[in-house]
Amino acid sequence: MLNGLLHSLIFLLSFLTVLGALVFIHEMGHYSVARLFKVSVERFSVGFGKPFVRWKAKNGTEWVISRIPLGGYVKFLGDAGAASNPDTEHLEKIRKNMDSKHGKDVWQSCLHFKPLWQRALVSLAGPAANFILAIVIYAMIVMKFGTYSFPAKIEAVFPGGAAEQAGFYSGDELVSINGEKISSRRDVMRIVTLSTGNELAVSILRAGKPIELSVTPVRKVKTDHIGGKFKVGQIGIQFVEPDKPNHKSYNIVQASKFGTHAVVDSVVSTGKYIGRIFTGKENGKALGGIIKIAAITGKTGIDASKFEGTIGQKISRTFWSLLELAAALSVGLGFANLMPIPVLDGGHLLFYGYEAVMRKPLSEKAQEVGFRVGFAVLITLFLVLTWNDIGYVSGLFNKAG
C-alpha cells in the first residue's frame, strides 16, 4: 500500500511539474515580448479557475497559480472579449473607456493599439518559447550524454511481413529511402513510421553489392518505451544490435544545432502526420490529449524511480527522463497552439493576417463567429483525443507496480 501511495505521488508530481513548467514557459513567451513592447499585463496565470496563490508585482501584474492546472493565460490591459482583437469601432470605445477609468494616454500601453507586427509577435512568442525550450533541453541532454547511433543493418526479416515480400534478407544494410540517405536505424524508423500505404524505394547493400528494392509499410501495433501501444507503419524487420554503438560527443555549438534539427524534424513529422490524416492515410490514433500526457509523464516518473541505485541516481534518472519528455511535449504544445483555430495563438495570427491584407481588423461579429466555430472544433478535438487517450492508457499500467 505504501508503495502504491509513493507511486501515486510520483505520478502526480511528475505530471504537474512537467505540465506546469511548459505552460509557464509558453505564457512567459507572451508576457516577455509584450513587456518588451511596453504592453501592460493585468494578470499572468498558470492554471484556470479560482486562484489559490496570488501576488502583485510592482509593475501592476497579478501573478496567479490557479486550481485547475490544465493551461494558463496572460490577460493584457483592455482584454474584454474572447477574440481579443477588437474592430475599429470598438477600439475607439476602449480608448475612451481607458481615458476615463485609468487616466489619459494609458491606452498607449494596451496591446490593441500597438502596431500590427508587435501584436503578431506577442501571439507568436508563446509557441516560439516552447520551441526554444525544446532546443535548449535537447542541447543539454546531448552535451551531457552524447548520442548513440546504430547501423541500419538487418538481423532478421519477419515471416509474412512487407520486407519479406519485398525481398529483403538478413544481412542487408539500408543505404537510402526515396533518395534520402540513411545514417542510422533512427532514420529508417522516422520515414517508415509515417509511410503506411506508400511504396518506398529502398537502396541496400547486400554482400557489398548495391540493390534497389521497393517496400510498402503496413500499419501494425508497436509498443513505446514506457509500454503504451499504438499503430504505426512497419515493414517487419529487426536490426542488428552492435556490441559497441557509435558514440558522439557535442560541444555547445554542435549541441545547439542538434537541438534545432530535432525540433524542426519533430515539427515536420507532426505536420506530415496531420496532413496524412486529412488525406485519409492516417486514422489520428497517435494523437493524444491531457490524459495521455498525464499518463506518459506519470509513468515515466514511476519507471525512472524504479531504477536500481542510490537516491541520488534515482533522482538524476528521473530528472533527465522527465526533461527529455518535456522537450517532446513542448514541441507538441508549440505546434498545437499554432493551429489556425480562433482562441489559439494561430487563430490570432490568422486574424492579424487578414488585418495586414485588408488594412483593417476583421469585424467583431465575424470574429465572434470564428470564436464559436473554433471553440466547437476544440471541444470536438478534445473528445476525439480523450477517446484516443483511453485506448492508449488502457494497456499502459497493466504491469505497473
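Before reading on, note that the structure itself is shown above.
The shown structure was predicted, so the numbers you read here are calculated from the model rather than taken from an experiment.

1. Focus on the nonpolar core
Move 1: If you look at the biggest cluster of nonpolar residues, it comprises 21 residues, and the most contacted ones within it are Phe 168, Leu 174, Ile 177, Val 188, Val 202 and Val 215.
Move 2: Secondary-structure elements contributing two or more residues to this core are β4 (154-157), α4 (162-166), β5 (173-177), α5 (185-193), β7 (200-206), β8 (209-215) and β11 (237-239).
Move 3: Grouped together as the second largest cluster of nonpolar side chains are 18 residues, Phe 131, Tyr 138, Val 263 and Val 331 included.

2. What to know about the packing of helix α7 (residues 290-305) against helix α10 (residues 364-393)
Any two packed helices are characterised by the angle at which their axes cross and by the distance between the axes.
Move 1: Orientation of α7 relative to α10, taken along the N-to-C sense of each, is 35°, at an axis distance of 7 Å. Here α7 contributes Ile 290, Ile 291, Lys 292, Ala 295 and Ile 296 to the contact with α10, which in turn contributes Phe 382, Thr 386, Asp 389, Tyr 392 and Val 393.

3. A word on the packing of helix α3 (residues 116-145) against helix α8 (residues 311-337)
Move 1: Two elements in contact, α3 and α8, have axes separated by 8 Å at closest approach and are oriented at 155°. Comparing their axes, α8 and α3 come out roughly antiparallel. Where α3 crosses over α8, the handedness of that crossing is left-handed. When α3 is examined against α8, the residues Pro 127, Asn 130, Phe 131, Leu 133, Ala 134, Ile 137, Tyr 138, Met 140, Ile 141, Lys 144 and Phe 145 are found in contact with a partner set consisting of Trp 320, Leu 323, Glu 324, Ala 326, Ala 327, Ala 328, Ser 330, Val 331, Leu 333, Gly 334, Phe 335 and Asn 337.

4. Comments concerning α10
Move 1: With 30 residues, α10 extends 41 Å between its outermost C-alpha atoms, agreeing within 8% with the 44 Å of an ideal straight helix rising 1.5 Å per residue.
Move 2: All buried positions along α10 are accounted for by Gln 367, Gly 370, Gly 374, Leu 385, Thr 386, Asn 388, Asp 389 and Tyr 392.

5. A closer look at the sheet that holds β5
As a general point, the strands of a sheet are linked pairwise by backbone hydrogen bonds and lie either parallel or antiparallel.
Move 1: Overall, antiparallel pairing links the four strands, which are arranged β6-β5-β7-β8 in an open sheet. The open sheet is flanked by β6 (180-181) and β8, the only strands paired with a single partner.
Move 2: Pairing of β5 with β7 involves four bridges; the strand directions are antiparallel. The partner of Leu 174 across the bridge, within β7, is Ile 204.

6. Digging into the side chain of Lys 292
Move 1: Assignment of secondary structure puts Lys 292 in helix α7.
Move 2: Contact partners of Lys 292, with chain neighbours within four places excluded, come to Ala 286, Asp 389 and Tyr 392.

7. Thoughts on the packing of aromatic side chains
Move 1: All chains considered together, the criterion is met by 10 aromatic pairs.
Move 2: Geometrically, the ring pair formed by Phe 48 and Tyr 73 is stacked, given 6.0 Å between the ring centres and 10° between the ring planes. Residue Phe 48 is located in strand β1 (residues 41-56), and its partner Tyr 73 is located in strand β2 (residues 62-76); the two are separated by 25 residues in the primary sequence.
Move 3: With relative accessibility at 26%, the residue Tyr 73 sits in the partly exposed group.
Move 4: In textbook terms, an aromatic cluster arises when at least three aromatic residues are bridged by ring pairs, as seen for Phe 24, Tyr 31, Phe 44 and Trp 63.
Move 5: Directly above the ring of Phe 145 sits Lys 144, whose terminal nitrogen or CZ lies 5.5 Å from the centroid.

The rules behind these values
- Residues numbered from 1 in each chain as written.
- Predicted model: local features only at pLDDT ≥ 70, side-chain atom pairs only at ≥ 80, totals over all residues.
- Heavy atoms only, no water.
- Core = buried A, V, L, I, M, F, W, Y, C linked by side-chain atoms within 4.5 Å.
- Buried < 20%, exposed > 50% of the residue type's maximum accessible area, 1.4 Å probe, protein only.
- Helix = DSSP H or I, 4+ residues; strand = E, 2+ residues; numbered from the N terminus.
- Axes fitted to C-alpha atoms, helices over the stretch in contact; angles between N-to-C directions.
- Contact = heavy atoms within 4.5 Å.
- Parallel < 35°, antiparallel > 145°, perpendicular 65-115°, else oblique.
- Left-handed = near helix turned anticlockwise from the far one by under 90°.
- Expected span 1.5 Å × (residues − 1).
- Pairing = 2+ DSSP bridges.
- Phe/Tyr/Trp six-rings, centres within 6.5 Å; stacked < 30°, edge-to-face > 60°.
- Lys NZ or Arg CZ within 6 Å of the ring centre and 35° of its normal.

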